[in-house]
There are 4 protein chains.
Amino acid sequence: MEEFKVKDLKLASDGLKEIEWAENHMPVLVKIREEFLEKKPLKGIRISASLHITKETGVLVKTLKAGGADIVLVPSNPLSTQDSVAAALVREGIRVYGWRGMSREEYYWAIAQAINHKPHITLDDGADIASSIHKLYYNVSSEDVYLVQKNLHVKINEVVDTLIGGTEETTTGVIRLKALERKKQLRYPIIAVNNSLTKYLFDNRYGTGQSTLDAIIRATNILIAGKTVVVAGYGWCGRGIAWRARGLGANVIVTEVNPIRALEALYDGFRVMKTADAAPLGDVFITATGNKDVIRKEHFLKMKNGALLANAGHFNVEISLPDLEHLSIRKRRIKPFIDEYTLRNGKKIYLLAEGRLVNLVAGEGHPSEVMDMSFSNQALAVKYLVENKGKLERKVYQLPYEIDEYIAKLKLASLGVEIDELTEEQRRYLSQWAEGT
Amino acid sequence: MEEFKVKDLKLASDGLKEIEWAENHMPVLVKIREEFLEKKPLKGIRISASLHITKETGVLVKTLKAGGADIVLVPSNPLSTQDSVAAALVREGIRVYGWRGMSREEYYWAIAQAINHKPHITLDDGADIASSIHKLYYNVSSEDVYLVQKNLHVKINEVVDTLIGGTEETTTGVIRLKALERKKQLRYPIIAVNNSLTKYLFDNRYGTGQSTLDAIIRATNILIAGKTVVVAGYGWCGRGIAWRARGLGANVIVTEVNPIRALEALYDGFRVMKTADAAPLGDVFITATGNKDVIRKEHFLKMKNGALLANAGHFNVEISLPDLEHLSIRKRRIKPFIDEYTLRNGKKIYLLAEGRLVNLVAGEGHPSEVMDMSFSNQALAVKYLVENKGKLERKVYQLPYEIDEYIAKLKLASLGVEIDELTEEQRRYLSQWAEGT
Amino acid sequence: MEEFKVKDLKLASDGLKEIEWAENHMPVLVKIREEFLEKKPLKGIRISASLHITKETGVLVKTLKAGGADIVLVPSNPLSTQDSVAAALVREGIRVYGWRGMSREEYYWAIAQAINHKPHITLDDGADIASSIHKLYYNVSSEDVYLVQKNLHVKINEVVDTLIGGTEETTTGVIRLKALERKKQLRYPIIAVNNSLTKYLFDNRYGTGQSTLDAIIRATNILIAGKTVVVAGYGWCGRGIAWRARGLGANVIVTEVNPIRALEALYDGFRVMKTADAAPLGDVFITATGNKDVIRKEHFLKMKNGALLANAGHFNVEISLPDLEHLSIRKRRIKPFIDEYTLRNGKKIYLLAEGRLVNLVAGEGHPSEVMDMSFSNQALAVKYLVENKGKLERKVYQLPYEIDEYIAKLKLASLGVEIDELTEEQRRYLSQWAEGT
Amino acid sequence: MEEFKVKDLKLASDGLKEIEWAENHMPVLVKIREEFLEKKPLKGIRISASLHITKETGVLVKTLKAGGADIVLVPSNPLSTQDSVAAALVREGIRVYGWRGMSREEYYWAIAQAINHKPHITLDDGADIASSIHKLYYNVSSEDVYLVQKNLHVKINEVVDTLIGGTEETTTGVIRLKALERKKQLRYPIIAVNNSLTKYLFDNRYGTGQSTLDAIIRATNILIAGKTVVVAGYGWCGRGIAWRARGLGANVIVTEVNPIRALEALYDGFRVMKTADAAPLGDVFITATGNKDVIRKEHFLKMKNGALLANAGHFNVEISLPDLEHLSIRKRRIKPFIDEYTLRNGKKIYLLAEGRLVNLVAGEGHPSEVMDMSFSNQALAVKYLVENKGKLERKVYQLPYEIDEYIAKLKLASLGVEIDELTEEQRRYLSQWAEGT
């Protein structure tokens, strides 16, 4: 078995500069690294991580390594790897198996390497390692599990027995792991890093918001001002996208299945309607729902000539590619991340990034500043799992509020922002019930 | 004992028109009223309500009455009663004890009337009835409890025994009742209406946001554009205020004690700093924290000449009036809701609405559209308490999510907004864990 | 002939406080007053002013009086007078003829008094004095000129001969006077104060923007968030309104006749369409066009039940009252500034402020901060006319840019804002053509 | 002399796709091309154009060629050429002399080719052809004129005699040409395309606004939210940048030398201060002034460690590179468009795109949608110059309003937006002066 597999080790020096640039914008994680370096809280811990291999992930795995961990890193999406960073991390002593543009076979081969590592801790962005382990354990038959299985060198029971815990970065992944927990099939405790306030309030909202619009502009160079942008989903990602689209001058329509969120979107000044009603109005459609087939046949058929489609949700199932293929008589690549579909009705629809996470495929993913907090949660979650080994149940946990607040405080300090503290008297006032009018 | 006490019954016809106008903008509550009228779910139930006596409250108590309840209504703030509405409600058969500009003595006399009613259910906006009952029960000695006690015609133990439950409308009230619950002193179950999503996401944010700025403009007619507005607190009320101030052209500074909220404010584009640092920069200061002494001596001393102070929190303790009085050599009323304080340092500071809830004192309170949802929660909370009589513990509850969602659906329908529904396939997808990449 | 005519002189002390409050927010005009007081540039000059009699106008006429002028002040709208201010100004020695709620006869009687004063300078807000003088001079027959004529004690030729010049405050007035100029019928030079940058960029945009929304909220207490607001006209006033409505959470539709402005609105993120298409979508309609019949029969018929109509343009002709009356089977007053029209089709439409300038009728007009600049232009325009007596042609002029810039500099200084100055080298660079790449 | 000189003709097929993509978003210019193709208004006209060689410029020159013109195209910036587009245009029969990354010598060699073409019409973006012609004509000695001269094959007097007119695209270029006009040295009529409403209101505001932020994000991947962004200049470009930065969550400070614009920025909710005061506060600095040394030694010295500098003005003189070089002890390239300067005080400052137009160097320039209008003005300006040959003076002209409006109408139509038209009665109302109150 190879010690690593990346595109080209010669890219390492570029990758190191990229990681250095990210470190400049990730002061909290750098501070945690200093502590890890000193105290080695992860000594002897094997970690397998499936994450987008970006410069920010580079800062995270360097931090985990500083803590003493032995790490295998594989991608969480076949198209999102920055090859220079992958090369640089190999130079830093991380066992990386990943490159941009992996085939389906290669992708699951890499997941298999992550499992072969017999990790104590898994880190996931979309739950691919954790899902694979559970599918193998429960003998779920599917193509992807078959692709993993045939590259496996370890017994899955031993893998499961070795595991202390895992972390999950995304809403989508948490939904899957919660489903496992509900069915009482979860085999090891998971920290839903996504559910930390310092993660989802920032990464999902400001990170996805900016990077999604950024990626669309990079791919198309269209003017957002004056466009009608339809955002599917008004969760934290969706509202980030909606606000940024508005901030760039778009007229935004929101679609939702949740009536309370729909009302919020309405009172935030957006139009809210069914996707079927929005279909003929939109110039750009962006999905961020965590669900599948959000835009499908009936919607494609109503769209304007020239409509653009992009997905900001984790999996490439939100825009129904099968429906789109089925409706089309012609498909061609216009520019690196734009595919033109010519429908039977003569209209042309443009799909970005093959319906995959547009911000990672056509852009650089989230800015370092938000990943600083998300990955600080990851690093501290790993430490928390190690410290609480044996004490946690097979459930999906949230990190304690104190850790969340600790990260926020470090972030504010790094920005030079000072805030008020409660006086003794104020603390007392908040704790009593009899003082008043 | 009088059957009611209001300013002037001749104002009733104006009040009825006001209530009619509110009903036009409260379709959800009107719909609930129709159901109540038919099914009489509150038959035989005595309700004592301490609420701001506004046209919207008029629509609520008419709804409760339609459900069969026997109601006493008293204010929740001595300055917030609309006398025409109070008169109209007497005409509608509600026993109202309240008028604009009550003295402290009169205010607690009215609270006593609410308790004398031996309610099955209490409705509170700031927990004044519930607090008084608990203070009486636990023999807490304070001036306000003394003022209630001397007008009491019933035994407090009997009152407590009669109670089925209560509701609370505000963040401030919920904080107080939670404190009681933590000390295991809560005597009857409470529905924290404030904690319903269809309440705090809308009322606290859009309602307080607009009505606070509106009230400040009504009182002062200042131009918000170009002003530096300091908002203390970035909770749901605070962020509503901050966004509306920005929407009117202000440059907004946020102060906070919670580091996560502080970071949110920062990433929302606001400046964040200590109150002491904001003091010399602000043209207008607005508090919305639920805490006391948020703006105090050390801050007043640093302010610019001409600074305006307004409070949007429940109690008039957020801006320290004792400190302000103490620092001043002169005080005069400039316009109906503006008091000019001349400090020893020669600077003039202007306090709006005596530091009380500015939107209710200098404005008309929240627009009907948001009260529609808040008060639908109130009405359905009362029904829920009656239906679950004996089943609830002495705790602070949130209304079930289904009721929350039901209100949102009615609201969307009333606005003619249609949203997507999950397909069978989508529902399945969300519930499973093994489908993916 | 009476020396003055106002509602009630006893209101003067309230009016003085109002004027004092305005002065606190009009530092530029106060500074100009100090200079006027010292140099008396208007000594011996008779001024007749037709302006909204508000606290800000109070500061202006006090300033002109400080400069030595002898002033008659009449309203520029029968519903906009603040009676306390009118009383206070009489106490200050101004000859005021005006009160809130004048009849048509009374209004033109007051205009006649302004002409009887044989002014050297006229000040107009909507050109009523100037129009009347021209109609009298050219024997135009109309009802309003008849109403003026019968109260006239002077010969119109003598009036015209005495005139040095006039000023005009509004877009609407400037359009009328430009029409006179084009026909070569203008009898005396006019300074279009409206065309000063420090006037229309601020007063029309930020002033009208805020005060229009403020007045609508005062009259109705509706929640703006979530409403569809249709703004007719995307001139400086219209865009101020559109941005403020958006800032309060509305979804805004703009209607325009000018294609370039329509495109600007579109790229600013608003929907743009024909009024006929917007009619069934709007919850609130606001006109700011300077034209007539902007909303008319064909539009009323398509509106939703409950639609609100308000006008922010100078004259009450933008919303066609004749059409509305004609289509209705019932009309009643709901609240002080709201008339409910029940159309034959059963729908109810609500007209605010009788279709007159909503911000002056249902609100307090523009905030002092913007009137500070507008009225500084007025004061300096009067001084400029006197200084250039005999040198100006019978044309519509703009104030020299230097005066405009002078006002802006004083304003910035009053706000404590410092800005960069060009270095010698930068000044040189800007003036040459040969330096570059 | 070569017929063309570009990077690599094999890039032509990519370039053709790029141009096709642009054409999809430039419906107005495509429509004008159809007319040109039919009527050949430029038959026999030689055009020399110095423009950024982008896909949008491709659409323009193809349009001019369709009209019958014989065209030489050279860059207007040594770093902004898209080599694939240059290659494609050669294939289309345009004589292109330009590639990305030209040296100073090569750049002026290309300008010389433009002059050697003996154009009837010059098209400029920054006035490089026009300046060179005037410098040669007036024997101005400078390095750049020397570099042109030595490649010249024609007599400058003959060139000048041949010229019918020219056009200029930018504010910066217009400033230079106006300076020539003021000195009565302008040798041929110029249409200031920049001054068309359909150009500067859209291109400078929405185009520069989006593309500048886009380019900064592409180069750095920083999160804009939470950053303090200092924008130098609040002209049309500057305000576009300021609004977009805010729309992405930044806290924006504006610096200005013009007091009226400074006040506008203030009332738009931005902080306004001297550059020296903003220097220690900014995370990102963006210049858009048309002036030189806007950020210089005294400012660099006060900046925070990590400050980013970008220029959106035409020339690379707005940020003083000499000062920056002088203050630094070290300089290294971090990423393609980022140079790190380490100052003597130990702080690191990051300069983007070598201080050149960041949106063209690190991004793709303005989106096609706005260039559609800007270049429609160019195309119609060329036609106008030809039609009015001999009738225009040696002055800087603006295109007639009718042409401006015509472009706006075509644009609205292409977007499917319909607007109101004035009724006969409304037209009459606007033209008269006697109707009113």
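Fair warning: this is a prediction, and the values are worked out from it, not measured in the lab.

Draft legend 1. Here's a closer look at the sheet that holds strand E8 (residues 251-255) of chain A. In space, the eight strands of this open sheet follow the order E9-E8-E7-E10-E11-E14-E13-E12 (chain A), with mixed pairing throughout. In this open sheet, the two edge strands, each paired with only one partner strand, are strand E9 (271-272) and strand E12 (328-335) of chain A. Summarising the sheet, strand E7 (residues 228-232) of chain A and E8(A) pair through five bridges and their orientation is parallel. For Thr228(A), the partnering residue across the bridge sits in E8(A) and is Asn251(A). Taken strand by strand, helix H1 (residues 12-24) of chain D contacts strand E11 (308-311), E12, strand E13 (338-343) and strand E14 (348-352) of chain A, and its axis lies near 110° from that of E12(A).

Draft legend 2. Main features of the pattern of salt bridges. Evaluation of the coordinates by the stated rule reveals 136 salt bridges over all chains. Ionic pairing is found between Lys227(D) and Glu369(A), a salt bridge with its closest N-O pair at 2.7 Å. Of this pair, Lys227(D) sits in the loop between helix H10 (197-220) and strand E7 (228-232) while Glu369(A) sits in helix H17 (residues 368-387), placing the two residues on different chains. On the accessibility criterion, Glu369(A) (6% relative accessible area) is buried. Note that Arg333(D) is salt-bridged to Glu354(D), the shortest N-O span being 3.2 Å. Of this pair, Arg333(D) sits in strand E12 (residues 328-335) while Glu354(D) sits in the loop between strand E14 (348-352) and helix H16 (358-361), and the two are 21 residues apart along the sequence. Exposure remark for Arg333(D): the relative accessible area of 38% places this residue in the partly exposed category. Sharing partners across several salt bridges, the network here consists of Glu18(A), Lys55(A), Glu56(A), Asp214(A), Arg218(A), Glu364(A) and Lys335(D).

Draft legend 3. Expanded view of the sheet that holds strand E1 (residues 46-50) of chain D. Residue and element names in this part refer to chain D. Spatial strand order, E3-E2-E1-E4-E5-E6-E15: seven strands in an open sheet with parallel pairing. With one partner strand each, in any of the chains shown, strand E3 (95-96) and strand E15 (396-397) form the two edges of the open sheet. In the sheet, strand E5 (residues 165-168) pairs with strand E6 (residues 190-192) via three bridges, with the strands oriented parallel. Considered in E6, the bridge of Glu-168 is made with Ala-192. Lying over the sheet, helix H5 (residues 104-116) contacts E1 and strand E2 (70-74), oriented at roughly 165° with respect to E2. Across the sheet, helix H17 (residues 368-387) is in contact with E1, strand E4 (121-124), E5 and E6; its angle to E5 comes to roughly 160°.

Draft legend 4. Main features of the relation of the copies chain C and chain B. With an axial shift of 0.0 Å and an RMSD of 0.0 Å, the rotation relating chain C to chain B amounts to 180°. When the rotation and shift are considered jointly, the pair of chain copies conforms to a two-fold rotation axis. Scanning chain C for the C-alpha nearest the rotation axis identifies Gly247(C), at a separation of 1.8 Å. Comparing interface residues between copies, 100% of those in chain C also lie at the interface in chain B; the contact surface is shared.

Basis of the calculations
- Residues numbered from 1 in each chain as written.
- Chains lettered and ligands numbered in written order.
- Predicted model: local features only at pLDDT ≥ 70, side-chain atom pairs only at ≥ 80, totals over all residues.
- Heavy atoms only, no water.
- Pairing = 2+ DSSP bridges.
- Helix = DSSP H or I, 4+ residues; strand = E, 2+ residues; numbered from the N terminus.
- Contact = heavy atoms within 4.5 Å.
- Axes fitted to C-alpha atoms, helices over the stretch in contact; angles between N-to-C directions.
- Salt bridge = Lys/Arg side-chain N within 4 Å of Asp/Glu carboxyl O.
- Buried < 20%, exposed > 50% of the residue type's maximum accessible area, 1.4 Å probe, protein only.
- Least-squares fit on C-alpha atoms with pLDDT ≥ 70 in both.

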